[in-house]
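Remarks on the overall topology
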Amino acid sequence: MHWQKLESVANTMTSSSPIGIIGAGLMGTGIAVVFAKAGYDVVLLDTSPDRLAEVDTEVRRVVAELVHHYVIAKDTSAAIPTRITTASHTSQLAPCDFVLEAVPERLELKQRVYAELEQHLRADAIIASNTSGLMPSALSTSMTHPERFLVAHFWNPPYAVPLVEVVPSEHTAPHVIDTTLAMLRQCGQEAVLIRKEIPGFIGNRLQYAVLREALAIVRSGAASPADVDAVMRSSLGRRYATTGPLETADLGGLNTFLGIAEQLMPELAKDEDVLALIREHVDKGEIGPRSGQGFYTWTPEHLEQVRGTRDADLLRRLAEDNGQKSSRNANKSSTTDE
């Protein structure tokens with residue numbers, strides 16, 4: 001039975017089994033580092049020779065960042081690039097127990113990738129997508145074995161943001177879910193199971209709810225984009241890094257939050273008219289750093305400064321997380337020894 005083969009994956013997948021990743025862009029390469037850092041051999045596939053030629057340089061850049069910010073030790077970092085090999089044909093992923101696609105967000109393209117994979121992978125291999133919003137049921141519609149498929153959505157940059165949203169479809173076998181969660185957690189990721197597929201999953205729904213209100217505030221003339229961002233960075237952004245919105249409500253007192261919400265929620269933006277603010281920029285070709293203009297003016301120096309500050313802060317927090325985990329594990333060991 002196919003399900004019995006899938007169940008065996010949970011017992012046999014180890015760091016000796018290679019991980020396949022399709023798409024050598026920033027996400028795919030970053031995800032490759034996550035798995036290689038955990039001791040897995042990784043086969044990173046792309047059809048673009050130019051992208052494949054850049055993989056080693058990008059991997060070494062990311063590893064250097066991780067060392068610089070004390071996420072990994074220098075004496076263990078040299079092995080990471082050696083664990084990542086490149087490939088240009090799907091047949092080269094045949095030995096993999098787990099394959100993650102990180103190709104552009106086009107349904108037909110992703111479905112073609114899965115059709116090719118099913119021609120070459122073993123029947124018990126897991127296929128996952130790094131999609132940020134396409135539904136797993138739609139992605140796996142044409143698959144021969146949709147029970148082997150789910151979404152494993154990493155966040156950018158994947159080596160600095162620990163979250164992975166794991167989203168099964170109604171067809172996904174339980175063992176596929178369990179195996180994927182266990183593997184991601186073994187890699188040090190914060191793997192969260194979304195019990196039923198919903199558009200945008202969790203992270204993007206929260207992100208775009210905040211964006212809608214931010215746009216509504218700017219549209220009303222109450223504040224500039226810079227002031228809205230300053231408020232988020234200096235208050236909610238800092239607090240939500242340690243306590244989520246529901247924890248925050250509990251800590252503040254649900255009675256207090258209810259009283260405020262009853263007055264404030266009817267005033268919050270509920271329409272899509274706020275998107276006109278983004279459309280105005282897009283229609284003028286002002287799409288952000290790539291064009292040099294968006295809500296902000298982006299010079300190369302400004303972009304480097306903002307990205308550098310963001311990534312440094314994310315990696316600092318990741319190093320702190322790793323230190324706290326190591327401390328907890330040491331405490332458990334000493335308790336056991338006693």
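The preceding data block contains the structure.
Residues numbered from 1 in each chain as written. Predicted model: local features only at pLDDT ≥ 70, side-chain atom pairs only at ≥ 80, totals over all residues. Heavy atoms only, no water.

Points about unusual backbone geometry
- Pro157 follows Asn156 through a cis peptide bond whose omega is -5 degrees.
- The phi torsion at Tyr70 lies on the positive side, around 65 degrees, for a residue other than glycine.
- Judged by relative accessible area, Tyr70 falls into the exposed class, the value being 71%.
- In this structure, Phe201 is a non-glycine residue whose phi angle is positive, near 55 degrees.
- Checked against the element boundaries, Phe201 lands in the loop between strand 8 (190–193) and helix 9 (203–220). (Buried < 20%, exposed > 50% of the residue type's maximum accessible area, 1.4 Å probe, protein only. Helix = DSSP H or I, 4+ residues; strand = E, 2+ residues; numbered from the N terminus.)

Topic: the packing of aromatic side chains
- Here the structure, examined in full by the defined rule, presents 5 aromatic pairs.
- An angle of 55 degrees between the planes, with centres 5.0 Å apart, marks the rings of Tyr114 and Phe149 as tilted. Separated by 35 residues along the polypeptide, Tyr114 in helix 6 (residues 107–120) and Phe149 in strand 6 (residues 149–154) bring together distant segments of the chain.
- Ring centres of Tyr296 and Trp298 lie 6.2 Å apart, and the angle between their planes is 65 degrees; this geometry places the pair in the edge-to-face category.
- Ring pairing ties together the aromatic residues Phe35, Tyr40, Phe98 and Phe154, which thus form one cluster. (Phe/Tyr/Trp six-rings, centres within 6.5 Å; stacked < 30°, edge-to-face > 60°.)

Let's talk about the sheet that holds strand 2 (residues 42–45)
- Spatially, the 8 strands line up as an open sheet ordered 3-2-1-4-5-6-7-8, and their pairing is mixed. One side of each edge strand has no neighbouring strand; the edge strands of this open sheet are strand 3 (84–87) and strand 8. Direction aside, the axes of adjacent strands within the sheet are offset by 25 degrees on average.
- Bridge analysis of strand 7 (residues 163–168) against strand 8 gives 4 bridges, and the strand direction is parallel. By the bridge assignment for strand 8, Val164 is matched with Ala191.
- Its contacts with the sheet place helix 3 (residues 49–68) against strand 2 and strand 3, and it is angled at close to 165 degrees to strand 3.
- Docked against the sheet, helix 6 engages strand 1 (19–22), strand 4 (98–101), strand 5 (126–129) and strand 6, running at close to 165 degrees with respect to strand 5. (Pairing = 2+ DSSP bridges. Axes fitted to C-alpha atoms, helices over the stretch in contact; angles between N-to-C directions. Contact = heavy atoms within 4.5 Å.)

With respect to the pairing of strand 5
- With burial as the criterion, each face of strand 5 is covered, one bearing Ile126 and Ala128 and the other bearing Ile127 and Ser129.
- In this fold, the crossover linking strand 4 to strand 5 by way of helix 6 has right-handed handedness.
- Where strand 5 meets strand 6, 3 bridges bridge the pair, whose relative direction is parallel. In the sheet register, Ile127 faces strand 6, and the bridge partner there is Phe149. (Right-handed = clockwise from strand over helix to strand, strands pointing away.)

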